[in-house]
Amino acid sequence: MPDFPPARIVLAKVGLDGHDRGIKVVARALRDAGLHVIYAGLWQTPEAVVRTVADEDADWLGLSLLSGAHMTLVPRVLQLLREAGLKDVGVLVGGIIPEVDVPKLMDMGVARVFGPGTAMADIVAFLRPRSESTHA
Amino acid sequence: MATVTDPAALERWEKENAAAPLREQPPTTVSSVPIEALYTPESLDGFDPDIDLGFPGQYPYTRGVHASMYRSRLWTMRQFAGFGTPRQTNERFKFLLSKGQTGLSTAFDLPTLMGLDSDDPRSLGEVGRLGVAVDTLDDMRELFDRIDLAEVSVSMTINAPAIIVMAFFLANAQDQGVDWKKLRGTIQNDILKEFHAQNEFVYPPEPSVRLVCDVIEFCAKQVPQWNGVSISGYHIREAGSTAAQELAFTLADGFHYVDICVARGMDVDSFAGRLSFFFNAHNDIFEELGKYRAARVLWAETLRNKYGAKKEASWKLRFHAQTAGCSLQDKQPQVNLMRVAYQALAAVLGGCQSLHTNSMDETLALPSEHAVTLALRTQQVLAYETGVTNTVDPLGGSYFVEAMTKQMQQEGRKYFERIEELGGMIEAIEKGFFRREIADAAFVYQRDVDARRKLIVGVNAFQESDEKPLDTLVVGEAVEKEQVDQLRLRKSQRDTAAVRKCLDDVKRVAATKQNLMPALLEAARARCTVGELVNAMADVFGRYDGAAKW
């Protein structure tokens, strides 16, 4: 067992999109991998998401969008995180994100975009070394 | 049923089969159900073709709901479409009709689906994005502008605000001079599966079901060729369920609507013939076939035996199928064309009445004109070139197909009992039963894929390193502004006293047991918006938030 506390990740659906198959599978896989997972649920506004991140003292935030509204909602979340002094929180985006939008999101400060077909082990592998270095 | 007559041959086969190695991926269905190496007459214990199969168009409809099926009339080719403003979607409708599509199917945007107006702050970034934005009766008029509603059948995918959108549709038809008795089509209007799977609900389960049944009742009396509900397993499957769960939960939802309508005093034969269904067409051809055939049998026997329906129309389960969106991949997206073609084959072999084939680019965006044309052409090739339409139920009598059909029925009945034990549909929803079952199945599936017990071309096998992206449809930023400006203009031109009176009427009727449709028709004509009407009813019904559990 690692001698550092498990990384804390908030997972949330932002906007009106109700497709939660993926985020629930990810939540369970991350929990099984030993992370502390807080699933904020559906229909979260950017403001509510950032409040949860602050309240839960999270290291990571995972946003799921299959609605096409990512170019409106993700920048808003990033801006609110900065305003709340939470710029060190790593932001992951999952769902249906067209290839052309991926570099734009990364430039804005998203740590990684995970599209359809991502293996759960890849998400765990991405989070684990970074979480360890954060807490070492 | 005859048994195998040559025991020596059977014994030899058993020995050889047992000695042969199995491939790395186990022989299981998409739903992870193990499949036998061989199906023989002995697999069909107690099978009686006269009872279990019957003839097409006759009880229990295992072989199909019509006597001559596609020999007389092909399924309706109905591509789900909608994006941007009503004007843009109207153009896409006309484009699809010009390519040979035979029915229309409307996708609404997320704000409309959730009962929000385009100018609501929560709609920001979502207007016209996943479907068409409809706020008022005027939007409905533009959506079907110069499309003869007495000629072409129309499907509308909307649930929580379905009764409002139906009121807009009916008011518009009347304005266009189309007799309601000539309208053909379907409104999805199935709220129960939203609680199980798709999460587009607004009100708590009981008032939500009341609205569904108001539409069923109104249409049964006034719009006789209209399907007032499309009881949908599609979304349950997309959320990760197994085929058996899709089958069982969908039919259980259907039984619940029947229960509520009957409890209102409606004669089951006055509406059951207009209950329609909507199933997924996933990758596993034989599992899907078993599902469709079992669905017809279970529905027919329950409507006849439990509900005492007398009319054959009440026993017949008619269904639309859509190929599985969740099976599409963003890697090597052209490969999706092949997935869709096989899935469509399953739906047609399973006797669907209408079909949507997904476009290859739908994991990336809404379909481009090129992609949607190929998807429609896939149906046309199936219909006109492959010969599968020449005879009814071509796979009927196959040991494997009949065994799968029986197995699916058994799985379905087990779930019906389980739901009863939990206290019925609403109790089972409140206990989180359906959500848990579906999430568990989705997790098992993902684990199988990650462990390569299931291979997916381009994803965990046969990957390409240098993929070229497809050109996809982009919904412009200007759409939202255009729609919001239009809505504000229309709101400013209304008779506000009339609007207020209509909203008060809707609230008043919502608090009674009367059918809400007449009040909503008045409200539609007064240009009340979807959002205003949803809010008016929420004042009476409350809102529901039972979705955060996992």
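Please read all numbers here as calculations on a predicted model, not as lab measurements. (Residues numbered from 1 in each chain as written. Chains lettered and ligands numbered in written order. Predicted model: local features only at pLDDT ≥ 70, side-chain atom pairs only at ≥ 80, totals over all residues. Heavy atoms only, no water.)

**Q** Can you explain the overall build of chain B? Please cite residues and give values.
**A** The helix and strand tally for chain B stands at 21 helices and 10 strands. Taking the principal axes of its C-alpha atoms as reference, chain B extends roughly 85 × 60 × 45 Å. In chain B, which comprises 550 residues, the share counted as buried stands at 61%. A fraction of 79% describes how many contacts in chain B between residues 6 or more apart in sequence connect residues 24 or more apart. In the structure as shown, chain B presents an accessible area of about 22000 Å², 51% of it carried by carbon and sulfur atoms. (Helix = DSSP H or I, 4+ residues; strand = E, 2+ residues; numbered from the N terminus. Buried < 20%, exposed > 50% of the residue type's maximum accessible area, 1.4 Å probe, protein only. Contact = heavy atoms within 4.5 Å. Areas by Shrake-Rupley, 256 points an atom, 1.4 Å probe, with all protein chains shown as cover.)

**Q** Quick rundown of the side chain of Q332 of chain B? Include the residues and the values.
**A** Assignment of secondary structure puts Q332 of chain B in the loop between β9 (319-323) and α13 (335-349). In this structure Q332 of chain B touches G458, F462, Q463, E464 and E467 of chain B, once residues within four positions along its chain are discounted.

**Q** Describe the interface of chain A and chain B, and please don't skip the residues or the numbers.
**A** Residue-level contacts link 33 residues of chain A with 40 residues of chain B. For the pair chain A and chain B, the number of links is two salt bridges. A salt bridge links D20 of chain A to R435 of chain B; its shortest N-O distance comes to 3.5 Å. The set of elements that each furnish at least two residues to the side of chain A that touches chain B consists of α1 (21-32), β2 (36-44), α3 (70-83) and α5 (120-135) of chain A. Here the residues of the side of chain A that touches chain B are counted per class, giving 17 nonpolar, nine polar and seven charged. (Salt bridge = Lys/Arg side-chain N within 4 Å of Asp/Glu carboxyl O. Nonpolar A, V, L, I, M, F, W, Y, C, P; charged D, E, K, R; others polar.)

**Q** Talk me through the packing of aromatic side chains; I want residue IDs and the actual numbers.
**A** All names here are of chain B. Evaluation of the coordinates by the stated rule reveals 30 aromatic pairs over all chains. On the basis of an interplanar angle of 80° and a centroid distance of 4.9 Å, the ring pair of F249 and F434 is categorised as edge-to-face. Of this pair, F249 sits in helix α10 (residues 243-263) while F434 sits in helix α17 (residues 433-450), and the two are 185 residues apart along the sequence. Each of the two residues, F249 as well as F434, counts as buried. With a centroid separation of 5.7 Å and 70° between ring planes, the pair formed by F279 and F319 is classed as edge-to-face. With F279 in strand β8 (residues 275-281) and F319 in strand β9, this residue pair connects regions lying 40 residues apart in the sequence. Assessed through its relative accessible area of 0%, F279 is described here as buried. A residue is classified by how much of its surface remains accessible, and F319, at 2% relative accessible area, is buried. Three or more aromatic residues joined by ring pairs form one cluster here, namely F255, F277, F279, Y292, W299, Y307, F319 and F416. (Phe/Tyr/Trp six-rings, centres within 6.5 Å; stacked < 30°, edge-to-face > 60°.)

**Q** Kindly report on the sheet that holds β8 of chain B, identifying the contributing residues and their values.
**A** Residue and element names in this part refer to chain B. Reading across the sheet, the five strands line up as β1-β10-β9-β8-β7 and stay open at both edges, with parallel pairing between neighbours. If you trace the sheet from one side to the other, it starts and ends with β1 (76-77) and β7 (229-232), each paired once. Relative to strand β10 (residues 354-356), β9 is paired through three bridges, and the arrangement is parallel. Its bridge partner lying in β10, H320 is registered against S354. Where α10 meets the sheet, it contacts β7 and β8, and its direction lies at approximately 165° from that of β8. Running over the sheet, helix α11 (residues 285-306) touches β8 and β9 and is turned about 160° from β8. (Pairing = 2+ DSSP bridges. Axes fitted to C-alpha atoms, helices over the stretch in contact; angles between N-to-C directions.)

**Q** An account of unusual backbone geometry is requested, with residue identities and associated values reported.
**A** Residues and elements named next belong to chain B. In this structure, the amide linkage connecting Y59 to the following residue, P60, adopts the cis form with an omega of 0°. Position of P60 relative to the elements: it lies in the loop between α2 (49-53) and β1. Of note in this structure, N199 is not a glycine but carries a positive phi near 70°. Its place among the elements puts N199 in the loop between α7 (192-198) and α8 (205-222). For R527, which is not a glycine, the phi torsion comes out positive at approximately 65°.

**Q** Could you give an account of the sheet that holds strand β5 (residues 185-187) of chain B, naming the residues involved and the relevant values?
**A** All names here are of chain B. The sheet built from five strands is open, its strands ordered β2-β3-β4-β5-β6 with parallel pairing. Each edge of the open sheet carries a strand with a single partner, namely β2 (80-81) and β6 (226-227). Pairing of strand β3 (residues 104-107) with strand β4 (residues 154-157), which is carried by four bridges, proceeds in the parallel orientation. What sits directly across from S105, in β4, is S155. Helix α6 (residues 162-175) contacts β4, β5 and β6 of the sheet and is inclined by roughly 150° relative to β4.

**Q** Got a sec to walk through the confidence of the model for chain B? Specific residues and values, please.
**A** For chain B, per-residue confidence averages 96 on the pLDDT scale, and 99% of positions sit at 70 or higher. For this predicted complex, the interface confidence reaches an ipTM of 0.90, while the overall pTM sits at 0.95. (pLDDT = per-residue confidence, 0-100.)

**Q** Describe the packing of helix α15 (residues 399-421) of chain B against α17 of chain B, and please don't skip the residues or the numbers.
**A** Residue and element names in this part refer to chain B. Put simply, α15 and α17 touch, their axes get as near as 12 Å, and they point 140° apart. What the angle tells us is that α15 and α17 run oblique. Each of Y415, R418 and I419 in α15 lies in contact with α17, whose residues at this interface are F433, F434 and E437. Classifying every residue of the contact of α15 with α17 gives four nonpolar, no polar and two charged. (Parallel < 35°, antiparallel > 145°, perpendicular 65-115°, else oblique.)

**Q** Lay out the side chain of Q380 of chain B in plain terms, naming residues and giving numbers.
**A** Residue and element names in this part refer to chain B. Position of Q380 relative to the elements: it lies in helix α14 (residues 369-384). Separated by 3.1 Å, the side chain of Q380 and the backbone oxygen of K99 make a polar contact. For Q380, the contacting residues outside a window of four places in its chain are M77, K99, G100 and E385. (Polar contact = N/O pair within 3.5 Å; in protein donor to acceptor, adjacent residues only side chain to side chain.)

**Q** So, α10 of chain B: which residues are in play, and what are the values?
**A** An ideal rise of 1.5 Å per residue puts 30 Å on 21 residues; α10 of chain B measures up with 30 Å between its terminal C-alpha atoms. Residue G265 of chain B follows α10 of chain B closely and has a positive phi angle near 100°. (Expected span 1.5 Å × (residues − 1).)

**Q** Provide a residue-level description of the domain arrangement of chain B, including the pertinent values.
**A** All names here are of chain B. Here the domain parsing of chain B yields domain 1 (49-450) and domain 2 (479-549). Each partner contributes to the interface: domain 1 provides 53 residues, whereas domain 2 provides 39 residues. Across the domain 1 to domain 2 interface the summed buried area is about 3800 Å²; carbon plus sulfur atoms make up 60%. Counting the contacts that link domain 1 with domain 2 gives five salt bridges. As a salt-bridge pair, R490 and E142 come within 3.3 Å of each other at their nearest N and O atoms. (Domains from an automatic or database assignment. Buried area = accessible area lost by both parts, 1.4 Å probe.)

**Q** How would you explain the pattern of salt bridges if you had to name every residue and give the values?
**A** Residues and elements named next belong to chain B. This model, assessed by the stated rule, comprises 47 salt bridges over all chains. The salt bridge partner of E287 is R237, with a shortest N-O separation of 3.7 Å. Residue E287 is located in helix α11, and its partner R237 is located in helix α9 (residues 234-238); the two are separated by 50 residues in the primary sequence. Like E287, the residue R237 is buried in the burial classification. One salt bridge connects D448 with R453, and the closest N-O pair in it is separated by 2.9 Å. Assessed through its relative accessible area of 37%, R453 is described here as partly exposed. In this structure, a network of salt bridges that share partners links the residues R87, D138, D139, R141, E142, D145, R146, R490 and R527.

**Q** Give me the pairing of β3 of chain B: which residues, what numbers.
**A** Residues and elements named next belong to chain B. Both faces of β3 are covered, namely the face carrying L104 and T106 and the face carrying S105 and A107. Summarising the sheet, β2 and β3 pair through two bridges and their orientation is parallel. If you follow F80 over to β3, its bridge partner there is S105. One crossover worth recording links β2 to the parallel β3 by way of helix α3 (residues 86-98), and it is right-handed. (Right-handed = clockwise from strand over helix to strand, strands pointing away.)

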